[in-house]
Structures are given as C-alpha cells and as structure tokens.
Amino acid sequence: MSGDGLTDPRDVVAAKRDGRELRTDELRAFVLGYARREIPDYVAAAFLMAAYLQGLSERETADLTRAMIDSGETLALEGTGRRTVDKHSTGGVSDGVTLVFAPLAASMGLAVAKLSGRGLGHTGGTLDKLEAIPGLRTDLTPEEMRRQVEAVGCAVAAQTANLVPADGALYALRDATATVASIPLIAASVMSKKLAVQTDLILLDVKAGSGAFMKTPQAARDLAAACVALARDFARPCRVAVTDMSQPLGTAIGNALDVAEAIRVLRGGERGPLRELSVLFAAEARRLLQGDGGAAARRAAEHALDTGAAAESFAGMVEAQGGDPRVVESPADVLPTAPVRREVRARASGYLGSVDAEALGRAAGALGAGRRRKEDPVDPSVGVEFFPRVGNRVDRAGVMAIVHARSEGEAEAAEASIHDAIRISEDPVEPPPLVFAWMGSEETAVPA
Ligand code: URA
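Here is a short report on the structure shown in this document. Owing to the predicted nature of the structure, the values given are computational and were not obtained by experimental measurement. (Residues numbered from 1 in each chain as written. Predicted model: local features only at pLDDT ≥ 70, side-chain atom pairs only at ≥ 80, totals over all residues. Heavy atoms only, no water.)

1. Some thoughts on the site of the ligand
Inference 1: If you check the shell around the ligand, you find H88, S89, T90, L120, Y171, R174, I186, S189, V190 and K193 and nothing else.
Inference 2: Between H88 and the ligand, the recorded distance is 2.9 Å, taken from a side-chain N or O atom to an oxygen atom.
Inference 3: Contact distances for the ligand include 2.8 Å between an oxygen atom and a side-chain N or O atom of R174.
Inference 4: Protein chains bury 97% of the 240 Å² of accessible surface belonging to the ligand in isolation.
Inference 5: The set of elements that each furnish at least two residues to the shell around the ligand consists of strand 2 (84-89), helix 8 (165-176) and helix 9 (183-195). (Near = heavy atom within 4 Å. Polar contact = N/O pair within 3.5 Å; in protein donor to acceptor, adjacent residues only side chain to side chain. Areas by Shrake-Rupley, 256 points an atom, 1.4 Å probe, with all protein chains shown as cover. Helix = DSSP H or I, 4+ residues; strand = E, 2+ residues; numbered from the N terminus.)

Structure follows, in structure tokens:
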C-alpha cells in the first residue's frame, strides 16, 4: 500500500475499528497489498477483527469481493461444449455434498469447475477431504482446470497464486483468528471464488444450525441475501438453498472418512440426507440449465447415482488430478486409516433430541482432522462417524459413534466430547427439515 500514494494500512485498520465506511480505493489497496504480502499478517488480522466487529456495508462487501477477484486471474469456460455450474457451501459438519455433486452433475452432461476451501473453524473443507486420496493435487492452474473440465466434466481446485489468492490468504488468517462467522466476510469469500470462474449458474448451500457459522435459519437467510446481492451486482445467476446444519449432514466427520462416505453415495449404495441434498442440487442445475421439469431432473440425478455413472465421473476427476482412481472400487485399500478405532455407546435409551454439531466438528478437529494454526497439516485418517439422526430411537449401550484416532488418549477425549454434544430425550422428537428455503434467481446465463 505504501508506495502507491494511498493510506498507511494501519489507518485502514483504525478507520474500520472506529466504524467508518472505507473508500473503494483504500479497501482495494489494502486487500491487494495483503495478497502481495506487502502487509503483514498481524495488520491484516487486526483489520479482519475490526471488520468482524463493525461489519461491512453492502458497498464495502462488493468492493472487498471485487478486490479479491482482481488479486488473480479469472477463468473463462467457454468451449467446454457443456453448460457450466459451480456450487459452494458456506460450511458445515460432515458436508460432503461437493464431493458428490461435482461428479454427479458432470455425469449428467453438465460441466463443473469449482474453487473450494480448506477446513475453516469447526467445519470441514473439500480440499482437505480430496487430498486424503493419495497423490491428488488441488493446486491446479486455471489452464489445467479448463482442460480437465473439457476432458472429464469436472474439476475441484484451490485458490492459488493465480485464482483469488487474496481469499486464500484471508481465509487461512480468518481460521486462525476467530473471525470466520461474519456475514460480509463469508459472503465476499464465497462469492469471490464463484465470480472468478465464469459459469452459467452458481448454486449455493447456505447452512443454518449448530454446525454452521449461521446458527439460525434467519441468520442464514441474511447471509444468502448478501450472496444473492453480490451475484446481482456482478450480473451472475445465483440460486441458493438454505439448509439444515443442526446435526451433521452425513455420518462421517473427518477427511478420508468423508471421502469414503461420498463414494458410497456416488456408487448408489447409500441413502440419507447427503444423497438427498446432492440430488436436489444436481436436479436444480439440470432444471435451470438443461430445461428439464423438476421430476425428470430428479430422476436423472438418481439414475446417475444408481447406475454408477456418477462414480465413474468421480474416478475420472480423481485420476485427472493425480489421485489413485482405485479409491472408487476399493476405498479401504487406498484411503489412510487411523490406528485406533473406538466405539461410543449410548448411555441411555430414548430419542436423539439434539446434537451440537459444532462440538462434533471440534472433536474431529482435536483428533487432527482440522488445524489450530494456519500452517498446520491435517491428518487425513482421523475423525468421527456419528450415526443417529435427530428423532431416531437410540438404545442404551447401542453403538452411536466410532472414533478414529491416533492414540487411545485422543480417542477417549473425543468420546467424552461426543457424550457432551448430544441430548437424549424420553419423548419422541420431530426431525428438522432438510431445506428451509430456496432463494435467488430462476435465470441462468444465456446458453453458450
Ligand atoms: N466458505 C468459504 O469459501 N468462505 C467462508 O468464509 C466460509 C465458507
């Protein structure tokens, strides 16, 4: 920032600390300066905390998003011969939808080019999950992504020095500084990645509940509205589902465990909410981009899972990104496993009344599935499998979870956290809905 005639970065921090709306030029220079590593982490961390506490106006959020996009290149996808779609979740626990959706949509004739994130706070990250597959690379260049989408229909990659590097840097810093759960910061982070890739449709899964950053459906609707407003500012079609995260979406909370679960869904062998939400998103993409009616679009998605077409697309994507495609046929031979496996048994009979999904995510993080500091590696093998869903009957001494750990001591601590995270009710409990609302546009970009 210094050297280009603009404000000292500390003045930007002070202005935001004191609640002033930042000018476009000063916010932009700050973000680009941080992306070029001219502004140190401690100054950027102070800025993030000021923005977290004071908020950002709609205009500042759009300026932040624009600056993050402009910190790198954008990716055009014309010439793939398919309609293109991107999908993103605002973050949850056992949220493997992207792992299923990308190859599923590709197997239905769409093209998916997706920039994903790493684990953030208590939530898991698609990149960490995919990297549990030995050899798989997520640091694709824009050109590699484009070629892969042409060849196999889908690519899931990280922000890199080329693509939205400012989000990559700020995302890691937010994770390490307790500044994640802010509507403008999440909206700018998510949408910068979506707007940097030129797809015909953006699908967002905005999560609400104990395992999400937005703890209530209303807060999630506000985040969804902020994302839709950004899409409108940038003239991009965006459809959003506000979905339940009051309990883990699937059963696997970890990295290799999540991949194994996604593969079971992709091979058509597993029913449940992870499959259901993946089918809903794939059907919505097909309805909006390929003009099918809702029921036909849903049938097409279910058919692609049940015939193995989606699993085949996943194998193609894994191989194209350098991973071992045998993971689809024999996940247990390819994915890393933890040395300790401990069953967790219910202490009472009744109905599962509630789950603190954030606490389960933190338990998996403490086992090594997440990071404490931004430079920490994750352990792909560890995590928690948690089986009952809210409203299900549980029986005393029945197995309700399995902990996968590096040591008995860590497994014991995770077991205690699991017991603390749940409430068993004597009375029947109504399960929550999976989808609270759909928002955003029904339009898509003009067909290529
Ligand atoms: N996903 C993102 O990409 N960014 C966030 O801030 C939260 C979820």
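2. Looking at the pattern of salt bridges
Inference 1: Enumeration over the complete set of coordinates arrives at 42 salt bridges.
Inference 2: Among the ionic pairs, E302 bridges to R298, the shortest N-O distance being 3.2 Å. Taken together, the residues E302 and R298, both in helix 13 (residues 294-306) and 4 residues apart, mark about one turn of the helix.
Inference 3: Beyond isolated ion pairs, a larger network of salt bridges with shared partners links R20, R23, D25 and E26. (Salt bridge = Lys/Arg side-chain N within 4 Å of Asp/Glu carboxyl O.)

3. Some details on the nonpolar core
Inference 1: The biggest cluster of nonpolar side chains holds 79 residues, and the ones touching the most others in it are V85, F101, I133, F314, V327, F386 and I418.
Inference 2: Residue contacts for I418: discarding those within four places in its chain leaves V344, L360, V384, F386, M400, A401 and V403.
Inference 3: In this structure, L120, V180, A224 and F234 belong to the second largest nonpolar core, which totals 67 residues. (Core = buried A, V, L, I, M, F, W, Y, C linked by side-chain atoms within 4.5 Å. Buried < 20%, exposed > 50% of the residue type's maximum accessible area, 1.4 Å probe, protein only. Contact = heavy atoms within 4.5 Å.)

4. A few points about the environment of A172
Inference 1: Along the chain, A172 turns up in helix 8.
Inference 2: Residue classification places A172 among the partly exposed positions, given a relative accessible area of 23%.

5. Points about the side chain of T199
Inference 1: Within the secondary structure layout, T199 lies in the loop between strand 5 (197-198) and strand 6 (201-208).
Inference 2: A relative accessible area of 3% places T199 in the buried class.
Inference 3: In this structure the side chain of T199 is engaged in a polar contact, spanning 3.2 Å, whose partner is the side chain of R236.
Inference 4: Residues in contact with T199, not counting those within four places in the same chain, are L77, T84, V85, D86, A113 and R236.

6. Here's the deal with the state of the cysteines
Inference 1: Scanning all chains against the criterion turns up 0 disulfides.
Inference 2: Cysteine C227 is unpaired, with the sulfur of C238 as its nearest cysteine sulfur at 6.8 Å. (Disulfide = S-S within 2.5 Å.)

7. Some points on the packing of aromatic side chains
Inference 1: All chains considered together, the criterion is met by 2 aromatic pairs.
Inference 2: Between F30 and F47, the ring centres sit 4.8 Å apart and the planes meet at 40°, which makes this aromatic pair tilted. Linking F30 in helix 2 (residues 24-35) with F47 in helix 3 (residues 41-54), this pair joins segments that are 17 residues apart in sequence. Like F30, the residue F47 is buried in the burial classification.
Inference 3: With a centroid separation of 5.6 Å and 65° between ring planes, the pair formed by F281 and W438 is classed as edge-to-face. Here W438 lies in strand 15 (residues 435-440) and F281 lies in helix 12 (residues 273-290), a separation of 157 residues in the sequence.
Inference 4: According to the relative accessible area criterion, F281 is buried, its value standing at 0%.
Inference 5: Classification of W438 by relative accessible area gives partly exposed; the value is 31%.
Inference 6: The lysine or arginine in question, R37, covers the ring of Y34, its NZ or CZ lying 5.4 Å from the ring centre. (Phe/Tyr/Trp six-rings, centres within 6.5 Å; stacked < 30°, edge-to-face > 60°. Lys NZ or Arg CZ within 6 Å of the ring centre and 35° of its normal.)

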